[in-house]
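Chain and residue survey
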Amino acid sequence: MKKKNPDVFTLITGASAGIGRALAVEGAKRGWNLALIALPGEKLQEISESLEKTYHIKTKFFEIDLTDKKAPQLVHEWCQKMDIQVGRLINNAGVGMGDKFSSLPYEFYEKMMLLNMVSLVCLTRLFLPELGKYPTAFILNSGSLAGFYPSPYKTVYAASKSFVNMFSLALREELCQSGISVSVLCPGSVPTNDAVKKRIPKNGYLARAAVLSSERVARIALEKLEKGKAIIIPGFVNKLYYFLGYAFPFKLRAKFLSRLFRKYYISGNGN
Ligand SMILES: NC(=O)c1ccc[n+]([C@@H]2O[C@H](COP(=O)([O-])OP(=O)(O)OC[C@H]3O[C@@H](n4cnc5c(N)ncnc54)[C@H](OP(=O)(O)O)[C@@H]3O)[C@@H](O)[C@H]2O)c1
């Protein structure tokens, strides 16, 4: 018998900014208690206090670098120590890139893979037994529309998001009898941090046509999540790109994006 528990928490990584912060606000509007994770700084305390005051929910926060290999375990131990019962998991933290593969150092890619893939898988594995105890359990992973395209100049990022997209869909099927719903959020361009804002104009007219705010993306994400959607693609133009993609083999998709991005991402111009 699964427990109904009003004290259940939703754990959100990357909750101090951008889409993660907007997801926290949308969750708070629904009365969800929130456990917020981000890098050390001052933002999480401020956000937690503001959400508690505005929406009368419980919040906890933990500041940690998720690229540290021990971090997922430390997040899990923190939840146990603080008696935070995690019934919903939103793996949102992630970083992007836009540059020639050879222009960025090995260490950058290692950190990107640790954050975008390794920490997401480890947190999912660690929290899975607890999620299974609650009737409305879900896992929402932040993938990307880019994960459906082999993307020159976003090579490792797009590949890491492809991993997130495929991992989420496969896990969804494995867990379909368990009562834990798994969804993957696949936005197109969302002007969040300064690097993304600088990158969007460089991505060409097709990306610019698909821009949505993080608030809109979060609103759509939670609406679709509540309907149990597997792949959540916010916005009509992004959906169009998703379906159009299927008309072309991967090789052609890569060639097309290479033509589109090449002139914008010359060495020293990206990040
Ligand atoms: N923006 C887009 O166009 C777009 C499109 C498709 C998919 N996505 C995906 O959506 C997710 C959110 O993107 P965003 O643009 O909203 O990001 P963002 O504005 O840069 O926010 C990233 C969040 O992750 C946290 N974070 C970054 N590195 C971390 C680390 N090493 N350990 C712990 N937390 C860390 C940040 O914490 P601090 O604030 O403390 O730095 C922040 O809370 C990512 O997975 C991204 O790949 C974004």
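Worth saying up front: this structure is predicted, and the values here are computed from it rather than measured.

Things to note about the pairing of strand E4 (residues 86-91)
Where burial is concerned, most of E4 is hidden: six out of the six residues are buried. Judged from the four bridges that link them, strand E1 (residues 9-13) and E4 form a sheet pairing that is parallel. Along E4, the bridge assignment pairs Phe9 with Val86. In this fold, the crossover linking E4 to strand E5 (residues 138-142) by way of helix H4 (residues 106-131) has right-handed handedness.

Describing a negative patch on the surface
On the surface, Glu42, Glu46, Glu49 and Glu52 cluster together to form a negatively charged patch. Along the chain, Glu49 falls in helix H2 (residues 43-55). A residue is classified by how much of its surface remains accessible, and Glu49, at 45% relative accessible area, is partly exposed.

Overview of the site of the ligand
Looking at the ligand, there are 29 residues lining it, with Ser16, Lys43, Asn92, Thr192 and Asn193 nearest. Here an oxygen atom of the ligand sits 3.2 Å away from a polar atom, N or O, in the main chain of Gly14. Between Leu39 and the ligand, the recorded distance is 3.4 Å, taken from a backbone N or O atom to an oxygen atom. Against a free-state accessible area of 900 Å², the protein chains account for coverage of 89% of the ligand. Of the residues in the shell around the ligand, the class split is 13 nonpolar, 13 polar and three charged.

Quick look at a nonpolar patch on the surface
Together, Phe236, Leu240, Leu244, Phe248 and Leu252 make up an exposed nonpolar region whose accessible area comes to about 510 Å². Among the elements that make up the nonpolar patch, the one with the highest residue count is helix H9 (residues 236-245) (three residues). Residue placement: Leu240 occurs in helix H9.

Section: the pattern of salt bridges
Inspection of the entire model under this criterion finds five salt bridges. Across the salt bridge formed by Lys58 and Asp7, the nearest N and O atoms sit 2.7 Å from each other. Residue Lys58 is found in the loop between H2 and strand E3 (59-63), and its partner Asp7 is found in the segment before E1; the two are separated by 51 residues along the sequence. On the basis of relative accessibility, which here comes to 33%, the residue Asp7 falls in the partly exposed class. The partner of Glu26 in a salt bridge is Lys29, and the shortest N-O contact between them spans 3.1 Å. With a gap of three residues between them, Glu26 and Lys29 both fall in helix H1 (residues 18-29), about one helical turn apart. Take Glu26: its relative accessible area is 6%, and that puts it in the buried class. Via salt bridges that share partners, Glu26, Lys29, Arg30 and Glu226 belong to a single interconnected network.

As for the sheet that holds strand E2 (residues 33-38)
A sheet is described by the order of its strands in space; here seven strands give the open sequence E3-E2-E1-E4-E5-E6-E7, paired in parallel fashion. The strands lining the two open edges of the sheet, one partner per strand, are E3 and strand E7 (231-232). In this sheet, E7 lies alongside strand E6 (residues 181-185) in parallel orientation, the contact comprising two bridges. Within E7, the residue paired with Val184 across the bridge is Ile231. Here H4 sits on the sheet and contacts E1, E4 and E5; the angle it forms with E4, its principal contact strand, is near 165°. Taken strand by strand, helix H5 (residues 155-174) contacts E5, E6 and E7, and its axis lies near 160° from that of E6.

About the cut-offs
- Residues numbered from 1 in each chain as written.
- Predicted model: local features only at pLDDT ≥ 70, side-chain atom pairs only at ≥ 80, totals over all residues.
- Heavy atoms only, no water.
- Buried < 20%, exposed > 50% of the residue type's maximum accessible area, 1.4 Å probe, protein only.
- Helix = DSSP H or I, 4+ residues; strand = E, 2+ residues; numbered from the N terminus.
- Pairing = 2+ DSSP bridges.
- Right-handed = clockwise from strand over helix to strand, strands pointing away.
- Patch = residues over 30% accessible without salt bridge, like charges linked within 9 Å, V, L, I, M, F, W, Y side chains within 5 Å.
- Areas by Shrake-Rupley, 256 points an atom, 1.4 Å probe, with all protein chains shown as cover.
- Salt bridge = Lys/Arg side-chain N within 4 Å of Asp/Glu carboxyl O.
- Lys, Arg positive; Asp, Glu negative; His and termini not counted.
- Charge placed at Lys NZ, Arg CZ, Asp CG, Glu CD.
- Near = heavy atom within 4 Å.
- Polar contact = N/O pair within 3.5 Å; in protein donor to acceptor, adjacent residues only side chain to side chain.
- Nonpolar A, V, L, I, M, F, W, Y, C, P; charged D, E, K, R; others polar.
- Contact = heavy atoms within 4.5 Å.
- Axes fitted to C-alpha atoms, helices over the stretch in contact; angles between N-to-C directions.

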